[in-house]
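# Observations on the three-dimensional arrangement
One-letter residues, chain by chain:
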Amino acid sequence: MTVTYPKKLHGQISSRDMMNFVVKDLEVQTLTLNRYRYSEQRSCKDLTDAIEQLDGEPRDLICDLSRHISDEARHAMWLTDLLFDLGADLGTPRGPSYIDEYEKLLPTAGGKPEVIELIAAINVTEKRGCNIFSAHLTALKNAPQTPENKAIAQTLAQILPEEAAHVRWGSRRLAQLARVSPENAQRVEKAKQRYSTVEHAAYEAGLDITVGAELRRLQHVTAIADTLPLWERPGYLMEQLPRILPDLSHARFDTAAMVLERDPIGFIQRFVPMLLGNRSLRTQTAATQTA
Ligand SMILES: [Fe+2]
Ligand SMILES: [Fe+2]
(Lines give C-alpha, C1' and ligand atoms only; values in the text may rest on other atoms or scores of the structure.)
(Ligands and ions follow the chains in the order given, each with its own letter.)
Protein backbone atom coordinates (compact mmCIF):
# COMPACT_ATOMS: atom_id res chain seq x y z
CA MET A 1 0.00 0.00 0.00
CA THR A 2 1.06 3.58 -0.66
CA VAL A 3 2.65 5.28 2.31
CA THR A 4 2.13 9.03 2.17
CA TYR A 5 4.29 11.46 4.10
CA PRO A 6 3.82 15.22 4.50
CA LYS A 7 5.51 17.01 1.63
CA LYS A 8 7.87 19.94 1.93
CA LEU A 9 6.58 23.48 1.35
CA HIS A 10 6.89 24.07 -2.43
CA GLY A 11 8.93 20.86 -2.34
CA GLN A 12 11.87 22.85 -1.01
CA ILE A 13 11.47 24.18 2.55
CA SER A 14 11.33 21.38 5.11
CA SER A 15 9.61 21.63 8.52
CA ARG A 16 13.10 21.44 10.03
CA ASP A 17 14.29 24.49 8.02
CA MET A 18 11.25 26.45 9.19
CA MET A 19 11.63 25.44 12.83
CA ASN A 20 15.28 26.52 12.91
CA PHE A 21 13.95 29.97 12.07
CA VAL A 22 11.02 29.80 14.54
CA VAL A 23 13.11 28.91 17.62
CA LYS A 24 15.41 31.91 17.08
CA ASP A 25 12.72 34.38 18.20
CA LEU A 26 10.54 33.76 21.29
CA GLU A 27 7.66 35.87 19.94
CA VAL A 28 7.56 33.94 16.66
CA GLN A 29 7.82 30.72 18.66
CA THR A 30 4.90 31.55 20.97
CA LEU A 31 2.78 32.56 17.94
CA THR A 32 3.57 29.13 16.48
CA LEU A 33 2.69 27.40 19.79
CA ASN A 34 -0.61 29.28 19.87
CA ARG A 35 -1.37 27.90 16.38
CA TYR A 36 -0.69 24.39 17.72
CA ARG A 37 -3.01 25.12 20.68
CA TYR A 38 -5.74 26.34 18.33
CA SER A 39 -5.43 23.24 16.09
CA GLU A 40 -5.50 20.83 19.06
CA GLN A 41 -8.55 22.58 20.51
CA ARG A 42 -10.32 22.61 17.14
CA SER A 43 -9.66 18.90 16.53
CA CYS A 44 -11.70 18.14 19.71
CA LYS A 45 -14.65 19.95 18.13
CA ASP A 46 -14.20 18.21 14.74
CA LEU A 47 -13.87 14.73 16.26
CA THR A 48 -16.98 15.41 18.37
CA ASP A 49 -18.84 16.34 15.16
CA ALA A 50 -17.67 13.06 13.60
CA ILE A 51 -19.00 11.07 16.60
CA GLU A 52 -22.37 12.82 16.32
CA GLN A 53 -22.57 12.16 12.57
CA LEU A 54 -21.63 8.48 12.99
CA ASP A 55 -24.55 8.23 15.44
CA GLY A 56 -23.40 5.15 17.37
CA GLU A 57 -21.95 2.92 14.62
CA PRO A 58 -19.38 1.38 14.31
CA ARG A 59 -19.26 1.03 18.10
CA ASP A 60 -15.50 0.36 18.35
CA LEU A 61 -14.75 3.46 16.25
CA ILE A 62 -16.92 5.59 18.57
CA CYS A 63 -14.82 4.34 21.53
CA ASP A 64 -11.53 5.04 19.71
CA LEU A 65 -12.66 8.54 18.70
CA SER A 66 -13.79 9.41 22.22
CA ARG A 67 -10.31 8.46 23.52
CA HIS A 68 -8.78 10.46 20.70
CA ILE A 69 -10.75 13.57 21.77
CA SER A 70 -9.52 13.13 25.32
CA ASP A 71 -5.87 13.04 24.06
CA GLU A 72 -6.33 16.14 21.89
CA ALA A 73 -8.04 18.02 24.76
CA ARG A 74 -5.04 17.18 26.98
CA HIS A 75 -2.62 18.49 24.31
CA ALA A 76 -4.63 21.73 24.06
CA MET A 77 -4.57 22.02 27.88
CA TRP A 78 -0.78 21.48 28.09
CA LEU A 79 -0.16 24.07 25.38
CA THR A 80 -2.60 26.54 26.97
CA ASP A 81 -0.86 26.19 30.36
CA LEU A 82 2.54 26.63 28.69
CA LEU A 83 1.44 29.79 26.82
CA PHE A 84 -0.16 31.14 30.00
CA ASP A 85 3.10 30.61 31.95
CA LEU A 86 5.06 32.32 29.14
CA GLY A 87 2.66 35.29 29.29
CA ALA A 88 1.78 34.72 25.61
CA ASP A 89 -1.40 35.31 23.61
CA LEU A 90 -4.18 32.72 23.94
CA GLY A 91 -6.43 34.31 21.29
CA THR A 92 -7.53 32.93 17.95
CA PRO A 93 -4.45 33.18 15.69
CA ARG A 94 -4.57 35.86 12.98
CA GLY A 95 -4.04 35.13 9.31
CA PRO A 96 -4.52 31.96 7.31
CA SER A 97 -5.14 28.88 9.42
CA TYR A 98 -4.05 25.38 8.42
CA ILE A 99 -7.02 23.64 10.02
CA ASP A 100 -9.61 26.09 8.62
CA GLU A 101 -8.12 25.75 5.14
CA TYR A 102 -8.06 21.95 5.43
CA GLU A 103 -11.76 21.91 6.27
CA LYS A 104 -12.63 24.31 3.46
CA LEU A 105 -10.75 22.18 0.91
CA LEU A 106 -12.45 18.93 1.94
CA PRO A 107 -14.96 17.74 -0.65
CA THR A 108 -18.36 18.23 1.02
CA ALA A 109 -20.36 15.07 1.55
CA GLY A 110 -23.74 15.17 3.20
CA GLY A 111 -25.03 12.61 5.70
CA LYS A 112 -23.14 9.99 7.66
CA PRO A 113 -19.35 10.03 7.03
CA GLU A 114 -17.76 7.04 5.28
CA VAL A 115 -15.44 5.32 7.76
CA ILE A 116 -12.56 4.98 5.26
CA GLU A 117 -12.82 8.66 4.31
CA LEU A 118 -13.00 9.76 7.94
CA ILE A 119 -9.95 7.77 9.08
CA ALA A 120 -7.91 8.75 6.00
CA ALA A 121 -8.74 12.42 6.66
CA ILE A 122 -7.67 12.14 10.32
CA ASN A 123 -4.52 10.18 9.45
CA VAL A 124 -2.94 12.79 7.15
CA THR A 125 -3.31 15.62 9.68
CA GLU A 126 -1.86 13.44 12.46
CA LYS A 127 1.16 12.74 10.23
CA ARG A 128 1.63 16.49 9.73
CA GLY A 129 1.39 17.03 13.50
CA CYS A 130 4.14 14.44 14.13
CA ASN A 131 6.31 15.92 11.41
CA ILE A 132 6.03 19.45 12.81
CA PHE A 133 6.42 18.60 16.52
CA SER A 134 9.39 16.39 15.79
CA ALA A 135 11.07 19.14 13.69
CA HIS A 136 10.33 21.71 16.41
CA LEU A 137 11.90 19.48 19.09
CA THR A 138 15.02 18.88 16.97
CA ALA A 139 15.40 22.65 16.40
CA LEU A 140 15.04 23.25 20.16
CA LYS A 141 17.83 20.75 20.89
CA ASN A 142 20.19 22.94 18.86
CA ALA A 143 18.85 26.25 20.25
CA PRO A 144 20.06 28.12 23.39
CA GLN A 145 18.83 26.20 26.49
CA THR A 146 16.83 29.09 28.00
CA PRO A 147 14.16 28.35 30.67
CA GLU A 148 11.48 29.14 28.03
CA ASN A 149 12.97 26.80 25.42
CA LYS A 150 13.31 24.04 28.04
CA ALA A 151 9.64 24.40 29.07
CA ILE A 152 8.52 24.36 25.40
CA ALA A 153 10.61 21.26 24.65
CA GLN A 154 9.17 19.48 27.70
CA THR A 155 5.57 20.11 26.55
CA LEU A 156 6.24 19.07 22.93
CA ALA A 157 8.04 15.91 24.13
CA GLN A 158 4.90 14.99 26.11
CA ILE A 159 2.63 15.46 23.08
CA LEU A 160 4.75 13.85 20.32
CA PRO A 161 4.45 10.15 21.40
CA GLU A 162 0.66 10.49 21.60
CA GLU A 163 0.52 11.99 18.09
CA ALA A 164 2.71 9.11 16.85
CA ALA A 165 0.20 6.69 18.47
CA HIS A 166 -2.64 8.47 16.61
CA VAL A 167 -0.80 7.97 13.30
CA ARG A 168 -0.24 4.26 14.07
CA TRP A 169 -3.92 3.87 15.03
CA GLY A 170 -5.15 5.40 11.75
CA SER A 171 -2.67 3.44 9.60
CA ARG A 172 -3.65 0.19 11.37
CA ARG A 173 -7.41 0.82 10.89
CA LEU A 174 -6.91 1.70 7.21
CA ALA A 175 -4.84 -1.48 6.66
CA GLN A 176 -7.60 -3.56 8.32
CA LEU A 177 -10.27 -1.94 6.14
CA ALA A 178 -8.16 -2.53 3.00
CA ARG A 179 -7.88 -6.25 3.79
CA VAL A 180 -11.68 -6.69 3.73
CA SER A 181 -11.91 -6.79 -0.11
CA PRO A 182 -10.06 -5.64 -3.27
CA GLU A 183 -12.73 -2.92 -3.68
CA ASN A 184 -12.04 -1.69 -0.16
CA ALA A 185 -8.28 -1.76 -0.80
CA GLN A 186 -8.85 0.49 -3.81
CA ARG A 187 -11.07 2.87 -1.82
CA VAL A 188 -8.44 3.10 0.92
CA GLU A 189 -5.73 3.91 -1.65
CA LYS A 190 -7.88 6.58 -3.30
CA ALA A 191 -8.82 8.16 0.04
CA LYS A 192 -5.18 8.27 1.16
CA GLN A 193 -4.17 9.95 -2.07
CA ARG A 194 -7.07 12.45 -1.91
CA TYR A 195 -6.52 13.55 1.69
CA SER A 196 -2.77 13.72 1.29
CA THR A 197 -3.35 16.18 -1.62
CA VAL A 198 -5.90 18.18 0.42
CA GLU A 199 -3.58 18.28 3.43
CA HIS A 200 -0.58 19.48 1.46
CA ALA A 201 -2.67 22.23 -0.16
CA ALA A 202 -3.91 23.36 3.28
CA TYR A 203 -0.39 23.36 4.69
CA GLU A 204 0.88 25.51 1.83
CA ALA A 205 -2.10 27.87 1.93
CA GLY A 206 -1.42 28.54 5.63
CA LEU A 207 2.14 29.62 4.87
CA ASP A 208 2.20 30.65 1.23
CA ILE A 209 2.59 34.41 0.95
CA THR A 210 4.95 34.43 -2.02
CA VAL A 211 4.39 35.51 -5.62
CA GLY A 212 2.46 32.89 -7.56
CA ALA A 213 0.55 31.69 -4.48
CA GLU A 214 -2.81 32.03 -6.26
CA LEU A 215 -1.64 29.96 -9.20
CA ARG A 216 -0.30 27.26 -6.90
CA ARG A 217 -3.56 27.22 -4.93
CA LEU A 218 -5.47 26.73 -8.17
CA GLN A 219 -3.09 23.93 -9.10
CA HIS A 220 -3.74 22.26 -5.73
CA VAL A 221 -7.51 22.55 -6.03
CA THR A 222 -7.46 21.02 -9.52
CA ALA A 223 -5.20 18.23 -8.19
CA ILE A 224 -7.78 17.51 -5.44
CA ALA A 225 -10.58 17.54 -8.05
CA ASP A 226 -8.58 14.95 -10.05
CA THR A 227 -8.89 12.52 -7.12
CA LEU A 228 -12.72 12.76 -7.12
CA PRO A 229 -15.13 10.76 -9.31
CA LEU A 230 -15.66 12.58 -12.66
CA TRP A 231 -19.22 13.65 -11.88
CA GLU A 232 -18.19 15.29 -8.57
CA ARG A 233 -15.34 17.35 -10.08
CA PRO A 234 -17.25 20.31 -11.58
CA GLY A 235 -19.25 20.86 -8.37
CA TYR A 236 -16.09 20.80 -6.26
CA LEU A 237 -14.34 23.28 -8.56
CA MET A 238 -17.32 25.64 -8.61
CA GLU A 239 -17.37 25.57 -4.80
CA GLN A 240 -13.63 26.21 -4.41
CA LEU A 241 -12.74 28.57 -7.27
CA PRO A 242 -14.60 31.72 -6.11
CA ARG A 243 -12.99 31.27 -2.69
CA ILE A 244 -9.40 30.95 -3.89
CA LEU A 245 -9.65 33.41 -6.75
CA PRO A 246 -11.56 36.29 -5.11
CA ASP A 247 -10.45 38.85 -7.68
CA LEU A 248 -12.28 37.20 -10.53
CA SER A 249 -15.32 39.18 -11.50
CA HIS A 250 -18.83 37.80 -11.06
CA ALA A 251 -19.37 38.08 -14.79
CA ARG A 252 -16.59 35.61 -15.44
CA PHE A 253 -18.08 33.24 -12.90
CA ASP A 254 -21.54 33.50 -14.36
CA THR A 255 -20.01 32.46 -17.67
CA ALA A 256 -18.17 29.64 -15.93
CA ALA A 257 -21.47 28.42 -14.44
CA MET A 258 -23.04 28.36 -17.92
CA VAL A 259 -20.16 26.38 -19.40
CA LEU A 260 -20.25 24.02 -16.43
CA GLU A 261 -23.94 23.30 -16.96
CA ARG A 262 -23.53 22.57 -20.67
CA ASP A 263 -20.22 20.70 -20.68
CA PRO A 264 -18.89 19.62 -17.24
CA ILE A 265 -15.87 17.68 -18.55
CA GLY A 266 -14.93 20.44 -21.01
CA PHE A 267 -15.13 22.87 -18.09
CA ILE A 268 -12.33 21.06 -16.29
CA GLN A 269 -10.22 20.55 -19.37
CA ARG A 270 -10.54 23.99 -20.95
CA PHE A 271 -12.33 26.57 -18.87
CA VAL A 272 -10.32 26.44 -15.67
CA PRO A 273 -7.06 27.44 -17.43
CA MET A 274 -9.05 30.07 -19.39
CA LEU A 275 -10.21 31.73 -16.16
CA LEU A 276 -6.63 32.75 -15.62
CA GLY A 277 -6.19 33.80 -19.22
CA ASN A 278 -3.56 31.10 -19.47
CA ARG A 279 -3.85 28.12 -21.77
CA SER A 280 -0.93 26.19 -20.33
CA LEU A 281 -1.53 26.61 -16.62
CA ARG A 282 0.74 23.82 -15.50
CA THR A 283 3.67 25.13 -17.53
CA GLN A 284 3.32 28.62 -16.07
CA THR A 285 2.89 27.28 -12.54
CA ALA A 286 6.04 25.21 -12.90
CA ALA A 287 7.89 28.27 -14.17
CA THR A 288 6.64 30.33 -11.22
CA GLN A 289 7.80 27.69 -8.77
CA THR A 290 11.30 27.55 -10.19
CA ALA A 291 11.58 31.35 -10.56
FE1 LIG B 1 -2.80 16.46 19.41
FE1 LIG C 1 -3.44 13.76 17.40
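Because the structure is predicted, anything quoted here is derived from the model rather than measured.

## Topic: the coordination of the iron ion (ligand 2)
Those protein atoms acting as donors to the iron ion (ligand 2) are Glu72 (OE), Glu126 (OE), Glu126 (OE), Glu163 (OE) and His166 (ND1), and they sit at 2.0 to 2.6 Å. Counting gaps between the donor residues of the iron ion (ligand 2) yields the pattern E-x53-E-x36-E-x2-H. Separating the iron ion (ligand 2) and the iron ion (ligand 1) is a distance of 3.4 Å, and glutamate 72 donates to both of them. In this pair, glutamate 72 sits in helix α3 (residues 59-85) while glutamate 126 sits in helix α5 (residues 115-141), placing the two residues 54 residues apart along the sequence. Its relative accessible area of 7% is what places glutamate 126 among the buried residues.

## Considering the environment of asparagine 34
By secondary structure assignment, the location of asparagine 34 is in helix α2 (residues 26-54). When its relative accessible area of 3% is taken as the criterion, asparagine 34 is described as buried. Along the primary structure asparagine 34 and threonine 92 are separated by 58 residues, whereas in three dimensions their C-alpha atoms are 8.1 Å apart.

## A short note on the packing of aromatic side chains
Tallied over the full model, the rule gives two aromatic pairs. On the numbers, 4.9 Å between centres and 85 degrees between planes, the contact of tyrosine 36 with phenylalanine 133 is edge-to-face. With tyrosine 36 in helix α2 and phenylalanine 133 in helix α5, the pair connects residues that are 97 residues apart, well separated along the chain. Both residues of the pair, tyrosine 36 and phenylalanine 133, count as buried. Ring plane angle 25 degrees and centroid distance 6.4 Å describe the contact between tyrosine 98 and tyrosine 102, whose orientation is recorded as stacked. Of this pair, tyrosine 98 and tyrosine 102 both sit in helix α4 (residues 98-105), four residues apart, roughly one helical turn. Taking the relative accessible area as the measure of exposure, tyrosine 98 reaches 21% and is therefore partly exposed. Judged by relative accessible area, tyrosine 102 falls into the buried class, the value being 6%.

## Looking at the environment of threonine 197
For threonine 197, the position within the fold is in helix α7 (residues 182-207). Considering only alpha carbons, one finds threonine 197 and alanine 225, 28 residues apart in sequence, at a separation of 9.8 Å.

## Re the nonpolar core
In summary, soluble globular proteins display a tendency toward joint burial of nonpolar side chains. Judged by nonpolar contacts, the single largest core of 36 residues is most densely connected at Leu61, Leu65, Tyr102, Leu105, Leu118, Tyr195 and Tyr236. For this core, the element with the most residues is α5, which contributes eight residues. When residues of this core are assigned to domains, at least three fall in each of domain 1 (1-209) and domain 2 (212-291). Not counting chain neighbours up to four residues away, the residues in contact with leucine 61 comprise Leu54, Val115, Leu118, Ile119, Trp169 and Arg173. Val22, Leu33, Ala88 and Tyr203 belong to the second largest nonpolar core, which has 25 residues in total.

Thresholds applied
Residues numbered from 1 in each chain as written. Chains lettered and ligands numbered in written order. Predicted model: local features only at pLDDT ≥ 70, side-chain atom pairs only at ≥ 80, totals over all residues. Heavy atoms only, no water. Donors = N, O, S within 2.8 Å, 3.2 Å for Na, K, Ca; no water. Helix = DSSP H or I, 4+ residues; strand = E, 2+ residues; numbered from the N terminus. Buried < 20%, exposed > 50% of the residue type's maximum accessible area, 1.4 Å probe, protein only. Phe/Tyr/Trp six-rings, centres within 6.5 Å; stacked < 30°, edge-to-face > 60°. Core = buried A, V, L, I, M, F, W, Y, C linked by side-chain atoms within 4.5 Å. Domains from an automatic or database assignment. Contact = heavy atoms within 4.5 Å.

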